[in-house]
Amino acid sequence: MQFGAYTFVETRRDPRTGEPIDVDKAFADVIEQIELADRVGLDVFGLGEHHRPDYAVSAPAVALAAAAARTRRIRLTSAVTVLSSDDPVRVYQQFATLDLVSGGRAEIMAGRGSFIESFPLFGLSLDDYDELFAEKLDLLLKIRDHANVTWEGKHRAPLVRQGVFPRALQQPLPVWIASGGTPQSVARAGALGLPLAIAIIGGGRFGPLAEFYREAGRRAGVAPDKLRIGINGHGFLADTSKGAAEAFLEPYAEVMSRIGGERGWPPLSRAQFDQDRGPRGHLMVGTPDEAIAKILAQHEVFRHDRYLMQMSVGGQPQDAILRSIELLGTVVAPRVRAELMQRKVPA
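Residues numbered from 1 in each chain as written. Predicted model: local features only at pLDDT ≥ 70, side-chain atom pairs only at ≥ 80, totals over all residues. Heavy atoms only, no water.

1. Some thoughts on the overall build of the protein
Logical step 1: Counting secondary structure elements, the protein contains 11 helices and 14 strands.
Logical step 2: Its C-alpha radius of gyration of 20 Å places the protein within 12% of the 20 Å reference for a compact globule of 347 residues.
Logical step 3: Across its three principal axes, the protein shows a C-alpha extent of roughly 60 × 55 × 40 Å.
Logical step 4: With 347 residues in all, the protein has 54% of them scored as buried.
Logical step 5: Nonlocal contacts in the protein, meaning residues at least 24 apart in sequence, comprise 71% of its contacts between residues at least 6 apart.
Logical step 6: Looking at the protein as shown, the accessible area adds up to about 15500 Å², and 54% of this sits on carbon and sulfur atoms.
Logical step 7: Of note, the protein has its 41 positive side-chain charges centred 5 Å away from the centre of its 42 negative side-chain charges. (Helix = DSSP H or I, 4+ residues; strand = E, 2+ residues; numbered from the N terminus. Rg over C-alpha atoms; globule rule 2.2 N^0.38 Å. Buried < 20%, exposed > 50% of the residue type's maximum accessible area, 1.4 Å probe, protein only. Contact = heavy atoms within 4.5 Å. Areas by Shrake-Rupley, 256 points an atom, 1.4 Å probe, with all protein chains shown as cover. Lys, Arg positive; Asp, Glu negative; His and termini not counted. Charge placed at Lys NZ, Arg CZ, Asp CG, Glu CD.)

2. What to know about the packing of helix α2 (residues 60-68) against helix α3 (residues 88-102)
Logical step 1: With their axes 9 Å apart at the nearest point, α2 and α3 run at an angle of 5 degrees to one another. Here α2 lies roughly parallel to α3, going by the angle between them. Counted together, A61, L64, A65 and A68 of α2 and Q94, F95, L98, V101 and S102 of α3 form the full contact between these two elements. (Axes fitted to C-alpha atoms, helices over the stretch in contact; angles between N-to-C directions. Parallel < 35°, antiparallel > 145°, perpendicular 65-115°, else oblique.)

3. Let's talk about the environment of Q171
Logical step 1: Structurally, Q171 is set in the loop between β9 (159-163) and β10 (175-179).
Logical step 2: The spacing of Q171 and G104 is 67 residues in sequence and 9.3 Å in space, taken between C-alpha atoms.
Logical step 3: Separated by 2.8 Å, the side chain of Q171 and the backbone oxygen of A168 make a polar contact. (Polar contact = N/O pair within 3.5 Å; in protein donor to acceptor, adjacent residues only side chain to side chain.)

4. Some points on the packing of aromatic side chains
Two descriptors summarise a pair of aromatic rings, namely the distance from one centre to the other and the angle between the planes of the rings.
Logical step 1: Summed over all chains, the structure comprises nine aromatic pairs.
Logical step 2: Consider the rings of F119 and Y129, whose centres lie 5.5 Å apart with planes at 35 degrees: the pair is tilted. Here F119, found in helix α4 (residues 118-121), pairs with Y129, found in helix α5 (residues 129-145); they are 10 residues apart in sequence, far enough to count as distant.
Logical step 3: Every member of this aromatic cluster is reached through a ring pair, and the members are Y6, F8, Y55 and F115.
Logical step 4: Over the face of the ring belonging to F133 we find R112, whose NZ or CZ atom lies 5.8 Å from the ring centre.
Logical step 5: Positioned above the aromatic ring of F115, the side-chain terminus of R263 is 4.7 Å from the ring centre. (Phe/Tyr/Trp six-rings, centres within 6.5 Å; stacked < 30°, edge-to-face > 60°. Lys NZ or Arg CZ within 6 Å of the ring centre and 35° of its normal.)

5. Some words on the packing of helix α6 (residues 183-192) against helix α7 (residues 207-219)
Between two packed helices, what matters for the description is the angle formed by their axes and the separation of those axes.
Logical step 1: For the pair α6 and α7, the least separation of the axes is 7 Å and the interaxial angle reads 40 degrees. Classed by the angle they form, the pair α6 and α7 counts as oblique. Between α6 and α7 lies a crossing of right-handed hand. Across the interface between the two elements, P183, V186, A187, A189, G190 and A191 from α6 touch L209, F212, Y213, A216 and G217 from α7.
Logical step 2: Across the contact of α6 with α7, the residue classes tally to nine nonpolar, two polar and no charged. (Left-handed = near helix turned anticlockwise from the far one by under 90°. Nonpolar A, V, L, I, M, F, W, Y, C, P; charged D, E, K, R; others polar.)

6. Observations regarding the pattern of salt bridges
Logical step 1: Enumeration over the complete set of coordinates arrives at 28 salt bridges.
Logical step 2: Here E107 and R306 are joined by a salt bridge, their closest N and O atoms 3.0 Å apart. You can see E107 sitting in strand β7 (residues 106-111) and its partner R306 sitting in strand β14 (residues 306-310), a full 199 residues away along the chain. The pair E107 / R306 is uniform in exposure class, with both members buried.
Logical step 3: When salt bridges with common partners are traced through the structure, they connect R52, D54, E117, E254, R258 and E262 into a single cluster. (Salt bridge = Lys/Arg side-chain N within 4 Å of Asp/Glu carboxyl O.)

7. A look at the layout of surface pockets
Logical step 1: By volume, the largest pocket is sized at about 910 Å³.
Logical step 2: Around the largest pocket sit 42 residues that line it, and G113, S114, G180, A199 and I201 are the ones nearest its centre.
Logical step 3: Take the lining of the largest pocket: its biggest share by element is four residues, from helix α8 (residues 241-263).
Logical step 4: Here the residues of the lining of the largest pocket are counted per class, giving 20 nonpolar, 16 polar and six charged. (1 Å grid on protein atoms, 1.4 Å probe; cavity = no way out; pocket = protein on both sides within 12 Å on 5 of 7 lines; lining within 4 Å. Points joined across faces, edges and corners; volume = space filled by probe spheres on them.)

8. Side note on the pairing of strand β1 (residues 2-7)
Logical step 1: With five of six residues buried, β1 is to be regarded as a mostly interior element.
Logical step 2: Examined bridge by bridge, β1 and β14 share five bridges and lie parallel to one another. Bridge pairing in β14 places A5 opposite M309.
Logical step 3: In the sheet, β1 pairs with strand β4 (residues 44-47) via four bridges, with the strands oriented parallel. For G4, the partnering residue across the bridge sits in β4 and is V44. (Pairing = 2+ DSSP bridges.)

9. Concerning α8
Logical step 1: Compared with an ideal rise of 1.5 Å per residue, which puts 23 residues at 33 Å, α8 spans 31 Å between its outermost C-alpha atoms and is within 8% of the ideal.
Logical step 2: Of all the bends in α8, the greatest reaches close to 40 degrees and is centred on L249; the proline P251 follows between one and four positions later.
Logical step 3: Among all positions in α8, only A244, A245, A247, F248, L249, P251, Y252, A253, V255, M256, I259 and G260 are buried.
Logical step 4: G264, located one to two residues past α8, shows a positive phi value of around 85 degrees. (Expected span 1.5 Å × (residues − 1). Bend = angle between axes of the 7 residues up to and from the residue.)

10. Regarding the side chain of S84
Logical step 1: Within the element layout of this structure, S84 appears in the loop between β6 (81-82) and α3.
Logical step 2: In contact with S84, other than residues within four places in its own chain, are G111, R112, F119, L124, Y129, L132, F133 and K136.

Given below as structure tokens:
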């Protein structure tokens with residue numbers, strides 16, 4: 001099993017104006033996090049694309065290219081690229097460039113995004129939300145597989161034997177589909193034989209999605225070994241369970257309550273937080289032993305190939321984030337892999 005981390009790169013806000021401040025420090029911190037993740041043996045680090053003042057990354061490939069120059073082996077992915085509101089030609093060119101700069105370590109995690117700011121920003125209609133993603137994914141995959149492309153769609157000018165360069169070092173450049181649980185996205189990933197990343201950041205029944213994905217692949221004639229599943233979720237590790245909760249809770253509760261207010265959700269309570277980090281909850285907040293038990297329990301349900309932890313959710317302290325990354329790479333990952341090997345499950 002692959003292990004990694006991802007972040008949206010939270011910004012600090014001026015309490016008087018609400019405007020982002022110290023954004024350069026936010027980027028310095030995330031580069032430090034990626035460097036440490038590389039040193040402690042994590043497999044993947046992801047940066048999510050957003051177009052809001054509370055998140056710093058609107059151009060993941062640029063920030064990941066900076067990390068590529070400071071790392072040696074870790075894979076570098078978007079988490080996610082909001083493909084619906086971007087141009088697939090530019091997405092491919094940016095990540096092909098990242099792939100070349102990094103020596104073949106780039107990935108694209110394509111999704112529709114959980115926020116909508118990019119649609120009016122780039123002159124797109126939310127009425128076309130689903131259609132935009134399907135059409136642009138089709139074009140991205142054609143570009144990935146062919147240097148010269150002829151293509152026609154509804155939401156972009158056609159291409160007639162157009163060359164798209166540079167070409168990625170990896171052939172093919174990995175493209176994952178990211179889903180928050182939408183059955184259509186899950187089925188699309190399976191039918192196309194693309195790896196699927198399931199974001200589990202709240203309640204709900206996610207278990208059936210894994211079989212739904214694999215069944216869609218089987219029906220499309222996709223080889224089983226091409227159907228890979230990743231689980232993405234909120235988590236935080238510390239040497240004690242209390243320490244993990246104390247470092248994670250206050251920033252997490254603030255951001256979840258703020259975003260929840262935008263969407264009509266109630267504020268996050270301490271009782272809900274404690275339930276969510278319990279044995280059956282979605283939060284991976286606690287000691288390495290607690291995380292190991294939950295990841296192994298998840299694996300019995302999903303039989304997943306990758307686990308990525310979002311540790312910075314609201315701006316946790318940098319020293320605590322670095323310790324969490326260290327524990328994930330040096331304790332959790334090797335022990336989960338060893339246990340899966342004992343169970344004769346591919347690790």
